[in-house]
Amino acid sequence: MVMTDFDDELIAQWGIDTLAVRAGQVRTHEGEHSEPIFTTSSYVFDSAAAAAARFNGDEPGNVYSRYTNPTVEVFQQRIAALEGGDAAVATASGMAAILSTCMALLKAGDHILCSRSVFGTTSVLFTKFMAKFGVTTTFVQPLDYAAWASAITPETKLFFVETPSNPLCDVVDIQRLSVLAKTHDCKLVVDNCFCTPALQKPLGLGADIVIHSATKYLDGQGRCVGGCVVGSKEDMAEILGFVRTCGPTMSAFNAWVFLKGLETLRLRMDAHCANAQALAEWLSDQPQVEWVFYAGLPEHPGHDLAAKQQRGFGGVLSFRVNGGREEAWKVIDATRVMSLTANLGDAKTTIVHPATTTHGRLSPGEKTAAGITENLIRIAVGLEDKQDLMDDLARGLLAL
Ligand SMILES: *Cc1c(COP(=O)(O)O)cnc(C)c1O
């Protein structure tokens, strides 16, 4: 039983902006307007009997901040409401969210079916660490639905996908994958980091579990590392069981930062989308640019699906310059506004050369298969003036 200041009936009527500002609110007797940060590791009981009741679960309430914390609880309530899930579990990072999901829902002998275009560390988690505990993974081309179907084994328990993908913005049909997953008694996990619930709600499209790296757009200003999992009461109870026992818990301070980030989520995402669209269109017109990957462009193969499945096309784009590594590096090194860093989901625009950074671990063959060419540049478009971003790229492009 979770307490909030609003009853379920009222919350059910709210739109996304109201949920982002209000959901989960529990005002204390102090009457504070902004949510308080409960920096306490443990909680005090009124009597020995009350302590016993808390510990054995007869009475709801806080015991210890590895289990529950009021600030973290508000964040969990709010992100669950935004994603349209029963419940959420906050974690120390996005990777902790993925790890906790696997540890809670899988056992030795189980099999994960994973899109080839997922965050690099996610594939390392699956192939290097989950494999040590007897959980195997098969990677498939995300848009090859026949490959998903034919890779299913009796041991397959989880489908794992990111859409749009990084860095080429491939758009995967969540509904279609969810039907396939359900037919084979598997759960579909969607990493919704790139879209956030402001642009895409995977649970409504049939996914069972949504993962977030809150580090990215949920914070939105590059301050804290955190993550969360959203889904059914049953699955979240299992995952919370893992988190409270094994400890990849979100701190109260980070939960508070993410709460403040959520309040402006939709406004920021719309601004990211508008800036990315303008930059993608401008890049398409530059003679030094070979190709632009952004689902907001009508020529992108995922354009129609993204228009149906998402509320906006997102803030991340990539493009190929004419030439190779030397030309790509020239463009990157000529920027003075954009930050040369692999992070994304920040008010500050970031630029990176995937082939030698985020995807540098891949073999040459894997890079070719994933479309990570030497002339590819990825930009996570921030909230600066779009003209300044264009000027920043023009400096390098004109020098080619
Ligand atoms: C960053 C990221 C993660 C990992 O999140 P951390 O908070 O860095 O642990 C997972 N998935 C995607 C898509 C990401 O961009």
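Residues numbered from 1 in each chain as written. Predicted model: local features only at pLDDT ≥ 70, side-chain atom pairs only at ≥ 80, totals over all residues.

- Looking at an unreviewed UniProt entry, one finds the protein named O-succinylhomoserine sulfhydrylase and attributed to Marinibactrum halimedae.
- A UniProt comment under Function (unreviewed entry) is attached to the protein, and it reads "Catalyzes the formation of L-homocysteine from O-succinyl-L-homoserine (OSHS) and hydrogen sulfide."
- The Sequence similarities (unreviewed entry) comment attached to the protein in UniProt states, word for word, "Belongs to the trans-sulfuration enzymes family. MetZ subfamily." (UniProt positions renumbered as here; feature names shortened; annotations may be inferred.)

### Structural notes on the domain arrangement of the protein
Quite often, the size of an interface is put as the accessible area lost when its parts meet.
Then step 1. What the domain assignment reports for the protein is domain 1 (8–263) and domain 2 (266–398).
Then step 2. Each side of the interface is counted separately: domain 1 has 27 residues, and domain 2 has 32 residues.
Then step 3. Tallied by class, residues from the side of domain 1 that touches domain 2 come to 14 nonpolar, eight polar and five charged. (Domains from an automatic or database assignment. Contact = placed C-beta atoms within 7 Å. Nonpolar A, V, L, I, M, F, W, Y, C, P; charged D, E, K, R; others polar.)

### Concerning the packing of helix 14 (residues 325–334) against helix 16 (residues 386–398)
Then step 1. Packing of helix 14 against helix 16 leaves a shortest axis separation of 7 Å and a crossing angle of 140°. With respect to their mutual orientation, helix 14 and helix 16 come out oblique. The element helix 14 and its partner helix 16 pack so that their crossing is right-handed. Residues Lys 330, Val 331 and Ala 334 of helix 14 form the contact with helix 16, whose own contacting residues are Leu 393, Arg 395, Gly 396 and Leu 397.
Then step 2. Counted by class, the contact of helix 14 with helix 16 contains four nonpolar, one polar and two charged residues. (Axes fitted to C-alpha atoms, helices over the stretch in contact; angles between N-to-C directions. Helix = DSSP H or I, 4+ residues; strand = E, 2+ residues; numbered from the N terminus. Parallel < 35°, antiparallel > 145°, perpendicular 65-115°, else oblique. Left-handed = near helix turned anticlockwise from the far one by under 90°.)

### Comments concerning the nonpolar core
Nonpolar side chains tend to gather and get buried jointly when the protein is soluble and globular.
Then step 1. Counting residues in hydrophobic clusters, the biggest one holds 111 residues, and the most contacted among them are Ala 88, Phe 159, Val 229 and Leu 317.
Then step 2. Top element by residues in this core is helix 5 (residues 94–105). It accounts for nine residues.
Then step 3. In contact with Leu 317, other than residues within four places in its own chain, are Cys 169, Ala 276, Leu 279, Ala 280, Val 292, Phe 293, Tyr 294, Ile 379 and Val 381. (Core = buried A, V, L, I, M, F, W, Y, C linked by C-beta atoms within 7 Å. Buried ≥ 20, exposed ≤ 12 C-beta atoms within 10 Å, placed from the backbone.)

### So, helix 11 (residues 252–263)
Then step 1. Taking 1.5 Å per residue, 12 residues should reach 16 Å; helix 11 reaches 17 Å between its end C-alpha atoms and fits that length.
Then step 2. Across the 12 residues of helix 11, nine count as buried, placing the element largely inside the fold.
Then step 3. The complete set of buried residues in helix 11 reads Ala 252, Asn 254, Ala 255, Trp 256, Val 257, Phe 258, Leu 259, Gly 261 and Leu 262.
Then step 4. In this structure, the buried residues of helix 11 make contact with helix 2 (16–22), helix 4 (70–83), strand 1 (87–91) and helix 12 (265–284). (Expected span 1.5 Å × (residues − 1).)

### Quick notes on unusual backbone geometry
Working note: non-glycine residues mostly have negative phi, and peptide bonds are mostly trans.
Then step 1. For the bond running from Thr 163 to Pro 164, omega is -5°, close enough to zero to count as cis.
Then step 2. In this fold, Pro 164 is placed in the loop between strand 4 (156–162) and helix 8 (174–183).
Then step 3. The amide bond that connects Asn 166 to the next residue, Pro 167, takes the cis arrangement and shows omega of 5°.
Then step 4. Mapping Pro 167 onto the fold places it in the loop between strand 4 and helix 8.
Then step 5. Even without glycine at this site, Cys 169 takes up a positive phi of about 60°.
Then step 6. As for its placement among the helices and strands, Cys 169 is situated in the loop between strand 4 and helix 8.
Then step 7. For Cys 169, a count of 29 C-beta atoms within 10 Å gives the class buried.
Then step 8. The phi dihedral of Thr 196 falls on the positive side, at around 60°, and the residue is not glycine.

### Here we look at the sheet that holds strand 7 (residues 227–231)
Then step 1. Strands sit in the order 1-7-6-5-4-2-3 across an open sheet of seven strands; the sheet is mixed. At either end of the open sheet lies a strand with only one pairing partner, and these are strand 1 and strand 3 (136–140). Direction aside, neighbouring strands of the sheet carry axes that sit 20° apart on average.
Then step 2. Pairing of strand 6 (residues 209–213) with strand 7 involves five bridges; the strand directions are antiparallel. Bridge pairing in strand 7 places His 212 opposite Cys 228.
Then step 3. Against the sheet, helix 8 touches strand 4 and strand 5 (187–191), its axis set at about 150° to strand 5.
Then step 4. Lying on the sheet, helix 10 (residues 233–246) is in contact with strand 1, strand 6 and strand 7; it crosses strand 1 at an angle near 20°. (Pairing = 2+ DSSP bridges.)

### Here we look at the pairing of strand 3
Then step 1. As paired strands, strand 2 (residues 111–115) and strand 3 are joined by five bridges and run parallel to one another. Paired with Ile 112 across the two strands is Thr 137, which belongs to strand 3.
Then step 2. In terms of handedness, the path from strand 2 via helix 6 (residues 120–129) over to strand 3 forms a crossover that is right-handed. (Right-handed = clockwise from strand over helix to strand, strands pointing away.)

### Regarding the pairing of strand 9 (residues 316–321)
Then step 1. Most of strand 9 sits out of view: five of its six residues are buried.
Then step 2. For strand 8 (residues 289–293) and strand 9, the ladder comprises four bridges, and the chain directions are antiparallel. Its bridge partner being in strand 9, Phe 293 is matched across the sheet by Ser 318.
Then step 3. Both strand 9 and strand 12 (residues 376–380) contribute to a ladder of five bridges, which runs antiparallel. Within strand 12, the residue paired with Arg 320 across the bridge is Leu 376.

### A few points about the sheet that holds strand 10 (residues 339–340)
Then step 1. In space, the five strands of this open sheet follow the order 8-9-12-11-10, with mixed pairing throughout. Looking at which strands have only one partner, the edges of the open sheet turn out to be strand 8 and strand 10.
Then step 2. With two bridges connecting them, strand 10 and strand 11 (residues 350–352) associate as parallel partners. By the bridge assignment, Leu 340 is partnered in strand 11 with Ile 351.
Then step 3. Each of strand 8, strand 9 and strand 12 is contacted by helix 12, which is oriented at about 155° to strand 8, the strand it contacts most.
Then step 4. On top of the sheet, helix 14 reaches strand 9, strand 10, strand 11 and strand 12; it is set at about 30° to strand 12, its chief contact.

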